[in-house]
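Now for the letters of each chain:
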Amino acid sequence: METQELDFLAQYESSLTKNIVDMLTHDGMLDGAFLDSPDISDKWKEIAPYYMADAVKEIAQYPNVALGWAMYMGMAVASMWDRDWERYSQIENLYEYVRNIRGFDYLDEVVREQILGLHDAEFKAAEQLVQRCSQMALDAIRHEQIESQSPMAFHVFARSTKVLFNAGAATVLFGLGYKLVKA
């Protein structure tokens, strides 16, 4: 990939991150930045190829699902990190572990019900949050007017799922009371 393309992708990812952080901060779900842990972000690097293999098949018919389920995975990993990372970090493929509970189509419900333990209003609020963030990412992708099914379209989609994974993890960490501390 050429330097110009890499620069474009970095700028795209930075812009999408800023827009989602701004929206989540405005809604009181973040405090101006994504909260992160190397354990969590490194886990995305491990599970992304497996996630992408499932998500790419959904892009044409269900683009918000293909994007949004990455945010649910971020929520799941952050929750597992907080609860018992020593145990969960030993699972060979956390994405397949979560997906295989009920399949890709129900990954959202598995994360909300079984991993986060959400019910009623909280269950619906998490769904709406992911819908808003995935729609923001989809709008950003469409704004770029990249030829569909091109290598660049794949890379923009991949960057978008990474941002959404980070957003999911950050909102769970923030909700659990973690704060960003500068070293």
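Residues numbered from 1 in each chain as written. Predicted model: local features only at pLDDT ≥ 70, side-chain atom pairs only at ≥ 80, totals over all residues. Heavy atoms only, no water.

Where do I start with the overall build of the chain in this structure?
Looking only at helices and strands, the chain features 7 helices and 0 strands. Counting from the amino terminus, the chain carries its helices and strands in the arrangement α-α-α-α-α-α-α. Against the globule reference of 16 Å for 183 residues, the chain gives a C-alpha radius of gyration of 16 Å, in line with a compact fold. By its C-alpha atoms, the chain is 40 × 35 × 30 Å across when sized along the principal axes. Partitioning the intrachain contacts of the chain with sequence separation of at least 6 by distance along the chain shows that 74% fall at a separation of at least 24. For the chain, the exposed surface amounts to about 9,900 Å²; the carbon and sulfur share of it is 50%. The chain carries 16 positive and 28 negative side-chain charges, and their two centres are separated by 2 Å. (Helix = DSSP H or I, 4+ residues; strand = E, 2+ residues; numbered from the N terminus. Rg over C-alpha atoms; globule rule 2.2 N^0.38 Å. Contact = heavy atoms within 4.5 Å. Areas by Shrake-Rupley, 256 points an atom, 1.4 Å probe, with all protein chains shown as cover. Lys, Arg positive; Asp, Glu negative; His and termini not counted. Charge placed at Lys NZ, Arg CZ, Asp CG, Glu CD.)

Explain the pattern of salt bridges to me, please; I cannot follow it from the model alone.
Applying the stated criterion across every chain, the model contains 12 salt bridges. With a shortest N-O distance of 2.6 Å, Lys-18 and Asp-22 are connected by a salt bridge. Of this pair, Lys-18 and Asp-22 both sit in helix H1 (residues 3–26), 4 residues apart, which is roughly one turn of that helix. Exposure remark for Asp-22: the relative accessible area of 37% places this residue in the partly exposed category. Each of Glu-13, Arg-159 and Lys-162 takes part in a single network of salt bridges with overlapping partners. (Salt bridge = Lys/Arg side-chain N within 4 Å of Asp/Glu carboxyl O. Buried < 20%, exposed > 50% of the residue type's maximum accessible area, 1.4 Å probe, protein only.)

Help me understand the environment of Asp-22 in this model?
The spacing of Asp-22 and Asn-64 is 42 residues in sequence and 20 Å in space, taken between C-alpha atoms. In terms of polar contacts, Asp-22 uses its side chain to reach the side chain of Lys-18, at 2.6 Å. (Polar contact = N/O pair within 3.5 Å; in protein donor to acceptor, adjacent residues only side chain to side chain.)

Limitation: the analysis is restricted to geometry and does not speak to function.
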